[in-house]
Amino acid sequence: MDFKCIFKEGKVYKALLNGEWVESKSAKTESIFSPVDGALVGKVQAMTKEEADLFVKSASNAQKKWATVPVNERADLVHKAADILYKEKEIVADILVEEIAKNKKSSLSEVTRTVDFMHFTAEEGKRVVGESLSSDAFPGFGKGKVSIVSRVPLGVVLAISPFNYPVNLSASKIAPALVAGNAVVFKPPTQGSISGLYLAQVFCEAGLPAGVLNAITGQGRDIGDYLVSHSGINMIAFTGSSKVGKHISKIAGMIPLLLELGGKDAAIVLEDADLESTSKEIVSGAFSYSGQRCTAVKRVLVQDSVADKLIEILIPMVKKLKVGRPKDDADITPLISTSAADYVQELIDDAINKKAKLLIGNKREKNLIYPTVFDNVSVDMRLAWEEPFGPVLPIMRVKNEGEAIKIANDSEYGLQSSVFTRNIDRAFEISSQLEVGTVQINSKTERGPDHFPFIGVKSSGMGTQGIRYSIEAMSRSKAVVINLK
Ligand code: NAP
Ligand code: G3H
C-alpha cells in the first residue's frame, strides 16, 4: 500500500495516536497468528494503561475543534476515507483472509459493504436534524416560549469491535461517531487488529485531523476495563460476546452504551412453508463464515409433520458446502482459535451423549470443524441454548407454533428469529409474540441492509444500531429555549 501514513514496519504494526503511528514504550507486542496455518500475520502494539490515557486525552482535545467543523465537511472526509478503502479493497480483504480465516469472497464483500456503509453514513449525517417546539401545546404556557432542539455530539466514543467483522463492525461505529462530531478511541479485537489498523490507516490517509480517531491495540483483558471506565470516555459502542458486554455495563458507570451481543437465532418452520427455499435460507444462515456470526441461524424449530421432508432437502445442501481454506473460497474454514473449536466440540459431544441424532458432521481437524447437523435436539441439551459460534445446527421438532414460540422465547438471547410460512397472518401473529429485536419472514436472520435498525434485546444487547439509529445514539438533544416577551 502506497500510503503517506506509515503504520507498519515489516510485520510490526503501530498504533494511531494523535495523527502519528506509534510504538508502545513498553516495547511489548501481541503476535497475531493466522487461524488457517498458524503463520505469523504480524505483531501489534500491546499498549499499557498509562499509554491508554494518552489516547483518550488526545481524542478529548481534538474533539472540541472537530465538533465545530461543518457537518458537510465531516461527511466529505468520511466519503474520502470510503473511496480510499474501496481502492484498497483487495489488500484489506487479503488481510481478513489471513487474519480471521474469512473466505476471500466474503472478505471482499465485508470491505465493499463497509464502503457503502461509510458513504451512506456520510449522507445520513447531514440529514439528522433537530426541531423546534412551541410552548402553547402545553396547558398554561401560551405562546411565550420556543424550544430549539438540536443534535450535539457526545464527546469521545470508545468503539470496541469483535473478531468476526473487524472492518465492518469497526467502521459501523467509527463513521457514525465521526459524522456526528465525536472523536473516537478505537480498540479493535486482538485477532482482527491488523484489519482494524488498515481501516484506521484509511481515515488517516483521508486527512482526518490528528486525534479525532486514535486506534489503540492490546488485549481487552489488559486494557479493556481501564478504557471502559475511563473518565474521558463519553460513550461506548461495543459489539462482542454477551459475557464481556454485561461486564462492561457493570463497570461503565453513567455513560450511554450501545451493546450488540450474542444470539441464538431460531428459524421457525411451519408446516405450510416452502421447504426448498426455507432450506436454502437455513443453510446459508447457519453456515456462512462457518457459523461465526451473531445472526447465524443457531437452531431450527420445525413442525414435526414436515421435519423429515425438511431434513431430506437440507442435508444434501449441507453436503455441498466446501470445507477448506479461506483463500480457496471454501464455505467452511478453520474457526478463529483452537479454544473456539474446543467449545464447539463440547456442545457436539454433549448432544451426542444425550442421544441427539447426528445427521452429518462431527468431524474435526484442529480448529476446522466440518458442518454438523443434529436432529431430535431436546431442551436438556446445551446445543438448544448455547451459542456455538461454529458450524453446528441443531434441529428441534415441535408439535405446533405455540411450542416453537415458547422454546424460542425461553432463550436468554433476543437478537433475531425467522418464521417460514406461506401464511402472512400467521407470520405476523408469531412475530408479535417473539421476544427479539427483529423477525425475518421467509428469510434467514441477518443484519443488513445496514440502514435497517439492528436491535438486540435480553442478553443480545442494548440500544439500536443501523446508520441513522447509530448517529442518533452517538449524539444527544440539546435545547435552547427562547422566552418571548
Ligand atoms: P469478545 O470476546 O466479547 O470480544 C469483543 C471485543 O471486546 C474485542 O475487541 C475484545 O478484545 C474486547 N474485550 C475483551 N475483554 C474486554 C474488556 N474487559 N473490556 C473491554 N473490551 C474487552 O467477542 P468476540 O469473540 O470477538 O466475538 C464473538 C461474539 O460477539 C459472539 O458472542 C457474537 O455473537 C458477538 N457478536 C455480536 C454481534 C451483534 O451485532 N449482536 C456482532 C458480532 C459479534 P480482545 O480481542 O483483545 O480480547
Ligand atoms: O456477527 C454479527 C454481525 O452483526 C452479523 O452481520 O448478519 O450481516 O452477518 P450479518
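Figured I'd write up the structure that's included with this text.

Each value, and the rule that gives it
Residues numbered from 1 in each chain as written. Chains lettered and ligands numbered in written order. Predicted model: local features only at pLDDT ≥ 70, side-chain atom pairs only at ≥ 80, totals over all residues. Heavy atoms only, no water. Helix = DSSP H or I, 4+ residues; strand = E, 2+ residues; numbered from the N terminus. Rg over C-alpha atoms; globule rule 2.2 N^0.38 Å. Contact = heavy atoms within 4.5 Å. Areas by Shrake-Rupley, 256 points an atom, 1.4 Å probe, with all protein chains shown as cover. Lys, Arg positive; Asp, Glu negative; His and termini not counted. Charge placed at Lys NZ, Arg CZ, Asp CG, Glu CD. Axes fitted to C-alpha atoms, helices over the stretch in contact; angles between N-to-C directions. Parallel < 35°, antiparallel > 145°, perpendicular 65-115°, else oblique. Left-handed = near helix turned anticlockwise from the far one by under 90°. Nonpolar A, V, L, I, M, F, W, Y, C, P; charged D, E, K, R; others polar. Buried < 20%, exposed > 50% of the residue type's maximum accessible area, 1.4 Å probe, protein only. Pairing = 2+ DSSP bridges. Core = buried A, V, L, I, M, F, W, Y, C linked by side-chain atoms within 4.5 Å. Domains from an automatic or database assignment. Phe/Tyr/Trp six-rings, centres within 6.5 Å; stacked < 30°, edge-to-face > 60°. Lys NZ or Arg CZ within 6 Å of the ring centre and 35° of its normal. Near = heavy atom within 4 Å. Polar contact = N/O pair within 3.5 Å; in protein donor to acceptor, adjacent residues only side chain to side chain.

1. Some details on the overall build of the protein chain
Counting its regular elements, the protein chain contains 14 helices and 28 strands. For 485 residues, the compact-globule estimate of 2.2 N^0.38 gives 23 Å, and the protein chain sits close to it at 24 Å. Each principal axis of the C-alpha distribution contributes one length, and for the protein chain these read about 70 × 70 × 40 Å. Partitioning the intrachain contacts of the protein chain with sequence separation of at least 6 by distance along the chain shows that 71% fall at a separation of at least 24. Accessible area of the protein chain: about 19,900 Å², with a carbon and sulfur share of 54%. Positive and negative side-chain charges in the protein chain, numbering 60 and 58 respectively, have mean positions lying 3 Å apart.

2. Digging into the packing of helix H4 (residues 104-127) against helix H5 (residues 168-179)
The description of two packed helices rests on the angle between their axes and on the distance between the axes. Two elements in contact, H4 and H5, have axes whose closest approach is 9 Å; the angle formed by their N-to-C orientations is 15 degrees. When the axes of H4 and H5 are compared, the pair comes out roughly parallel. Here the hand of the crossing between H4 and H5 comes out right-handed. Counted together, Glu110, Arg113, Thr114, Phe117, Met118, Thr121, Ala122 and Gly125 of H4 and Asn168, Ala171, Ser172, Ala175, Pro176 and Val179 of H5 form the full contact between these two elements. Of the residues contributing to the contact of H4 with H5, the split by class is seven nonpolar, five polar and two charged.

3. Here's the deal with unusual backbone geometry
Each neighbour pair has its own omega, and for Gly448 with Pro449 the value is -5 degrees, a cis peptide bond. The topology assignment puts Pro449 in the loop between strand S23 (438-441) and strand S24 (454-455). At Phe389, a residue that is not glycine, the phi angle is positive and equals roughly 55 degrees. Looking at the secondary structure, you find Phe389 in the loop between strand S19 (372-375) and strand S20 (392-398). For Phe389, a relative accessible area of 18% corresponds to the buried category.

4. What to know about the sheet that holds strand S7 (residues 131-134)
Strand pairing in a sheet relies on backbone hydrogen bonds, with the paired strands running either antiparallel or parallel. What the three strands build is an open sheet, ordered S7-S8-S28; its pairing is antiparallel. Pairing within the sheet leaves two strands with one partner each, and these edge strands are S7 and strand S28 (475-483). Sheet twist, expressed as the mean angle between neighbouring strand axes with direction ignored, is 25 degrees. Of the pairings in the sheet, the one linking strand S8 (residues 145-153) to S28 comprises nine bridges and is antiparallel in character. Looking at S28, one finds that Lys145 is bridged to Asn483.

5. Some thoughts on the nonpolar core
One finds Met118 and Phe203 to be the most contacted residues of the largest nonpolar core, which totals 64 residues. In terms of residue count, the dominant contributor to this core is helix H6 (residues 193-206) (nine residues). Looking at this core, you find at least three residues from each of domain 1 (3-261 + 461-480) and domain 2 (265-457). Setting aside residues no more than four positions away along its own chain, Phe203 makes contact with Ala81, Met118, Ile174, Leu178, Leu208 and Leu213. Formed by 29 residues, the second largest nonpolar core is a distinct cluster that contains Phe287, Val306, Leu368 and Val373.

6. Description of the packing of aromatic side chains
Across all of its chains, the model carries six aromatic pairs by this definition. Residues Tyr13 and Tyr198 carry aromatic rings whose centres are separated by 6.2 Å and whose planes lie at 55 degrees to one another, so their mutual orientation is tilted. You can see Tyr13 sitting in strand S2 (residues 12-13) and its partner Tyr198 sitting in helix H6, a full 185 residues away along the chain. Accessibility classification places Tyr13 together with Tyr198 in one group, the buried group. Summarising the aromatic geometry, the rings of Phe138 and Phe141 are spaced 6.1 Å apart at their centres and angled 70 degrees between planes, so their arrangement reads as edge-to-face. Exposure remark for Phe138: the relative accessible area of 58% places this residue in the exposed category. In textbook terms, an aromatic cluster arises when at least three aromatic residues are bridged by ring pairs, as seen for Phe7, Tyr13, Trp21 and Tyr198. Lying over the aromatic face of Tyr165, Lys102 brings its terminal NZ or CZ to 3.7 Å of the ring centre.

7. Things to note about the site of ligand 2
All residues adjacent to ligand 2 are Arg113, Asn164, Tyr165, Leu169, Arg293, Cys294, Thr295, Glu446, Arg447 and Phe454. Residue Arg447 places a side-chain N or O atom 2.7 Å away from an oxygen atom belonging to ligand 2. Surface burial for ligand 2 is 95%, taken as the share of its 310 Å² of free accessible area covered by protein chains. The class makeup of the residues in the shell around ligand 2 is four nonpolar, two polar and four charged. Mapping the shell around ligand 2 onto the domain boundaries places at least three of its residues in each of domain 1 (3-261 + 461-480) and domain 2 (265-457).

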